[in-house]
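# Report on the structure
Spelled out, the chains give:
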Amino acid sequence: MSRPIAIIVAAGQGKRTGGETPKQFRALLGRRVIDWSLAAFKAHPSEPLLIIVVPRGTLADHQDFSALCDHLVEGGQTRSESVAAGLEVVDVAANTPVMIHDAARPGLSGRMITRLLAALEEADAAAPALMVSDALKDVSGKRLVTLDRSPLRRIQTPQVFRYADICAAIGDGARDYVDDLEAVEAAGRTVKLVSGEARLGKITYEEDFEVIASLMMGGQTVPRIGSGYDVHQFGEGDHVTLCGVRIPHTHGLVGHSDADIGWHALTDAILGALALGDIGDHFPPSDPQWEGADSGVFLTHAAKLADEAGYIIANVDITLICEAPKIKPHREAMRIKTAELLGLERSKVSVKATTTEKLGFEGRQEGMAGQAVAVLAPAPKLD
Ligand code: MG
């Protein structure tokens, strides 16, 4: 089989989603919507020749695509004109497969491309199709009329053709078709439908962005990560409290609460992952009720907020920075205390320590610092 051609049609103005930037150029899961299909075609072993059709009058704005495809083309006034403009830039053998794809369908996968190219071996054209699961009603008359949905299919893209067939069917694009399949149907060509995929749905309305993103992630939501940092000064005292563990020392840590830098940093990490401010917002140092407080109260509060937001704490990593006291003998006790408080397995809790080679305030033993990272994963859905 000759090297296929992929035409990504990105020429729509995308008015229905309401945004100013057309939907195919908006961000989705860290890339532009169009970049996802572009990446799927680029990664496919058939190494398709890539043609991108951008909206009329925007060629200069989209020069960055030149490096990402073989031909960057300006679209026409209608979809068919845009497809015709894409077909026009190549002159290849009549039986060359041509895949025409909507840029607004970012859920394209390599296996779908493979399935469609294989289907083209058995017919003049191929496309992904889905059954209709909702009831269908004709609302044009005075009364609703229920339609038989069993013979109906929802057709997605890429739609795949042979070069000569699609060129002849589309022509100069003077007649605008709903999709490219309609053009070859009119010419009496055979079409093979393969199983479509929900994730290949078209982004049409604003709410589609989230639905398609979730389907592309396999229903998983992205984890949230937060970091925290805390410092307290040494002062009078005979112990420090670190990650809930009381450790005898020549000095204490000065602070409004028990000055537990480990749990303060961790509390901030969890709040940070939730983008819910910092420990001072939730427990103002000016409030006398937190004087000498057990920092477990702060950490428990942050964990409760995570739970309310629909997240579980997946793992945490705490680093304590000081010259003295020695942390290592107490490290396991700190892991156990932290794991118990958060209801985590001990394997999900890390406590580490480092010195600063006698540099800085920690090195001069004026105080201690704590750092923490927390990863929050979406809680399993129970409903
Ligand atoms: Mg603190």
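Residues numbered from 1 in each chain as written. Predicted model: local features only at pLDDT ≥ 70, side-chain atom pairs only at ≥ 80, totals over all residues. Heavy atoms only, no water.

## A few points about the overall build of the protein
Of the regular secondary structure elements, the protein holds eleven helices and 19 strands. Taken against the 2.2 N^0.38 rule, which gives 21 Å for 383 residues, the C-alpha radius of gyration of the protein at 30 Å runs more than 25% over that of a compact globule. By its C-alpha atoms, the protein is 90 × 55 × 35 Å across when sized along the principal axes. Looking at the protein residue by residue over its 383 residues, the buried ones come to 47%. Within the protein, counting contacts between residues at least 6 apart in sequence, those at least 24 apart form 69% of the total. By element, 51% of the accessible surface of the protein is carried by carbon and sulfur atoms, the whole surface being about 19,300 Å². Charge separation in the protein, taken as the distance between the mean sites of 39 positive and 51 negative side-chain charges, equals 6 Å. (Helix = DSSP H or I, 4+ residues; strand = E, 2+ residues; numbered from the N terminus. Rg over C-alpha atoms; globule rule 2.2 N^0.38 Å. Buried < 20%, exposed > 50% of the residue type's maximum accessible area, 1.4 Å probe, protein only. Contact = heavy atoms within 4.5 Å. Areas by Shrake-Rupley, 256 points an atom, 1.4 Å probe, with all protein chains shown as cover. Lys, Arg positive; Asp, Glu negative; His and termini not counted. Charge placed at Lys NZ, Arg CZ, Asp CG, Glu CD.)

## With respect to unusual backbone geometry
Cis geometry marks the peptide bond from T157 to P158; its omega dihedral reads 5°. Mapped onto the elements, P158 comes out in the loop between strand 10 (153-155) and strand 11 (159-162). Cis peptide bonds are those with omega within 30 degrees of zero, and the linkage from A324 to P325 qualifies with 0°. Checked against the element boundaries, P325 lands in the loop between strand 17 (311-321) and helix 10 (331-342). Its identity is not glycine, yet K358 carries a phi of approximately 65°, on the positive side. Tracing the chain through its elements places K358 in the loop between strand 18 (349-354) and helix 11 (360-363). In this model, Q365 sits at a positive phi of 60°, which is unusual for a non-glycine residue. Along the chain, the position of Q365 falls in the loop between helix 11 and strand 19 (367-378).

## Describing the side chain of H62
Position of H62 among the secondary structure elements: in the loop between strand 4 (49-54) and strand 5 (71-74). For H62, a relative accessible area of 11% corresponds to the buried category. In this view, H62 contacts F25, V54, P55 and L72; residues no more than four positions away in its chain are not counted.

## Side note on the pattern of salt bridges
Counted by the stated rule, this structure contains 18 salt bridges. In this structure, the salt-bridge partner of E332 is R335, at a minimum N-O distance of 3.1 Å. Within this pair, E332 and its partner R335 are both found in helix 10, separated by three residues, close to a single helical turn. The class of E332 is partly exposed, set by a relative accessible area of 32%. (Salt bridge = Lys/Arg side-chain N within 4 Å of Asp/Glu carboxyl O.)

## Regarding a nonpolar patch on the surface
Where nonpolar side chains cluster on the molecular surface, the patch consists of L29, M217 and V222 and spans about 220 Å² of accessible area. Considering the arrangement of structural elements, one finds V222 in the loop between helix 6 (208-216) and strand 13 (224-235). Since its relative accessible area comes to 44%, V222 is described here as partly exposed. (Patch = residues over 30% accessible without salt bridge, like charges linked within 9 Å, V, L, I, M, F, W, Y side chains within 5 Å.)

## Remarks on the nonpolar core
Ranked by internal contacts, the top residues of the largest apolar core, which has 39 residues, are L242, L266, I270, I313, L320, M334 and L342. Elements with a minimum of two residues in this core: strand 14 (239-242), strand 15 (245-248), helix 7 (261-273), helix 9 (296-308), strand 17, helix 10, strand 18 and strand 19. No other element matches helix 7, which puts eight residues into this core. Residues within four places of L320 in sequence aside, it is in contact with L242, I261, G262, I327, M334, V351, K352, A353, T354 and A369. Ranked by size, the runner-up nonpolar core spans 27 residues in total, among them I52, F65, L116 and A126. (Core = buried A, V, L, I, M, F, W, Y, C linked by side-chain atoms within 4.5 Å.)

## A few points about the domain arrangement of the protein
Splitting the protein by domain gives domain 1 (5-216) and domain 2 (224-378). Domain 1 and domain 2 are separated by 52 Å when their C-alpha centres are compared. (Domains from an automatic or database assignment.)

## Digging into the state of the cysteines
A full pass over the atoms with the stated rule returns zero disulfides. Unpaired in terms of disulfides, C322 finds its nearest cysteine sulfur in C243, a separation of 11 Å. Since its relative accessible area comes to 4%, C322 is described here as buried. (Disulfide = S-S within 2.5 Å.)

## Notes on the pairing of strand 18
Sheet analysis places strand 17 next to strand 18, joined by six bridges and oriented parallel. Bridge pairing in strand 18 links D317 to S350. Of the crossover connections in this fold, the one passing from strand 17 over helix 10 to the parallel strand 18 is right-handed. (Pairing = 2+ DSSP bridges. Right-handed = clockwise from strand over helix to strand, strands pointing away.)

## Regarding the coordination of the magnesium ion
At the metal site, the magnesium ion is ligated by D230 (OD), D230 (OD), H232 (NE2) and H264 (ND1), and these contacts range over 2.2 to 2.7 Å. The sequence motif formed by the donor residues of the magnesium ion is D-x1-H-x31-H. Of this pair, H232 sits in strand 13 while H264 sits in helix 7, and the two are 32 residues apart along the sequence. Looking at H232, the relative accessible area reads 13%, which means it is buried. (Donors = N, O, S within 2.8 Å, 3.2 Å for Na, K, Ca; no water.)

## Description of the packing of aromatic side chains
Aromatic ring pairs are defined here through the distance separating the ring centres and the angle between the ring planes. Counted according to the given criterion, the structure contains four aromatic pairs. Taking the centre distance of 5.9 Å and the plane angle of 45° together, the rings of F25 and F65 count as tilted. Here F65 lies in the loop between strand 4 and strand 5 and F25 lies in the loop between strand 1 (5-9) and strand 2 (27-28), a separation of 40 residues in the sequence. Plain terms: the ring middles of W290 and F298 are 6.0 Å apart, the flat faces sit at 75° to each other, and that makes the pair edge-to-face. Assigned by exposure class, W290 and F298 land together as buried. Members of the aromatic cluster, joined through ring pairs, are F283, W290 and F298. Directly above the ring of F209 sits R26, whose terminal nitrogen or CZ lies 4.2 Å from the centroid. In this structure, R31 packs its charged tip against the face of W36, placed 4.3 Å from the ring centre. (Phe/Tyr/Trp six-rings, centres within 6.5 Å; stacked < 30°, edge-to-face > 60°. Lys NZ or Arg CZ within 6 Å of the ring centre and 35° of its normal.)

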